[in-house]
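Commentary on secondary and tertiary structure
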Amino acid sequence: MFIKDIKFLVEFSSYAERHFCKDFLKHHKARKWLETKKAIVATLERSFAFQQTKLIDNIKFSQEENMGIFKLDFRIAGTNSSPKTSGNRLIFSLCNDTGKIEVLLVYGKGHCCKKQSETQWFLEHIKNNFPQYKKHC
């Protein structure tokens, strides 16, 4: 088990808000996106309960620093697709010591560059926009 059984404080990075959340808000009704965002926060606050499901994937975890980078699958509120098949993902950093989660990227499969894999795409975004997590990529 990587994630502690605590309630985490969840924050969206300004990069995620500017580049991705704004796009989701544009493509979905405001109410649906705000509902979705609340559900995301509620899920991440209780990450421990979801780490054994297929919703959260461990990208890289550092035992020494007791923190890691993870991916969460989610669906937009009011849609019938499953989180996995919806193509909506978010990448977050989690620190067990501070009890904080920072949402780094929120994206749909359409945001990813077709020339590289989804994993290469989000790792490149993290390296270029979040220097504090560069060594975790």
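Here the structure is a predicted model, which means the values were calculated and not measured.

With the rule as written, the count across this model stands at five aromatic pairs. We note Lys 37 situated over the ring of Phe 12; from NZ or CZ to the ring centre the distance is 4.7 Å.

Looking now at the sheet that holds strand β4 (residues 88-95). Strand order in the open sheet formed by five strands is β1-β5-β4-β3-β2, and the pairing between neighbours is mixed. Each edge of the open sheet carries a strand with a single partner, namely β1 (9-12) and β2 (56-62). In this sheet, neighbouring strand axes are inclined to one another by 25° on average, regardless of whether the strands run parallel or antiparallel. In this sheet, strand β5 (residues 100-108) lies alongside β1 in parallel orientation, the contact comprising four bridges. Paired with Val 10 across the two strands is Ile 101, which belongs to β5.

Moving on, we come to the confidence of the model for the protein. Looking at the protein, the pLDDT average stands at 85 and 93% of residues meet or exceed 70. Per-element averaging of pLDDT across the protein places helix α4 (residues 83-86) at the bottom with 70 and β1 at the top with 96.

On to the pattern of salt bridges. Applying the stated criterion across every chain yields a total of four salt bridges. Among the ionic pairs, Lys 71 bridges to Glu 118, the shortest N-O distance being 3.9 Å. Here Glu 118 lies in helix α5 (residues 118-129) and Lys 71 lies in strand β3 (residues 67-74), a separation of 47 residues in the sequence. An identical accessibility class is assigned to Lys 71 and Glu 118; each is buried. For Arg 89, the salt bridge is made with Asp 73, and the minimal N-O distance between the two is 3.2 Å. Pair noted here: Arg 89 is in strand β4 and Asp 73 is in strand β3, with a separation of 16 residues, a long-range link.

Moving on, we come to unusual backbone geometry. For Asn 66, which is not glycine, the phi dihedral falls at a positive 55°. Structurally, the position occupied by Asn 66 is in the loop between β2 and β3.

Our focus in this paragraph is the pairing of β3. The element β3 is extensively covered by neighbouring structure, given that eight of its eight residues are classed as buried. Because side chains alternate across β3, one face comprises the buried residues Met 67, Ile 69, Lys 71 and Asp 73, and the other comprises Gly 68, Phe 70, Leu 72 and Phe 74, equally buried. With six bridges joining them, β2 and β3 adopt antiparallel strand pairing. Looking at the pairing, Asn 58 lines up with Phe 70 of β3. The loop that links β2 with its antiparallel partner β3 comprises four residues; one of these, Asn 66, has a positive phi angle of about 55°. Summarising the sheet, β3 and β4 pair through eight bridges and their orientation is antiparallel. Along β4, the bridge assignment pairs Gly 68 with Leu 94.

Here is what the cut-offs are and how they apply
Residues numbered from 1 in each chain as written. Predicted model: local features only at pLDDT ≥ 70, side-chain atom pairs only at ≥ 80, totals over all residues. Heavy atoms only, no water. Phe/Tyr/Trp six-rings, centres within 6.5 Å; stacked < 30°, edge-to-face > 60°. Lys NZ or Arg CZ within 6 Å of the ring centre and 35° of its normal. Pairing = 2+ DSSP bridges. Helix = DSSP H or I, 4+ residues; strand = E, 2+ residues; numbered from the N terminus. Axes fitted to C-alpha atoms, helices over the stretch in contact; angles between N-to-C directions. pLDDT = per-residue confidence, 0-100. Salt bridge = Lys/Arg side-chain N within 4 Å of Asp/Glu carboxyl O. Buried < 20%, exposed > 50% of the residue type's maximum accessible area, 1.4 Å probe, protein only.

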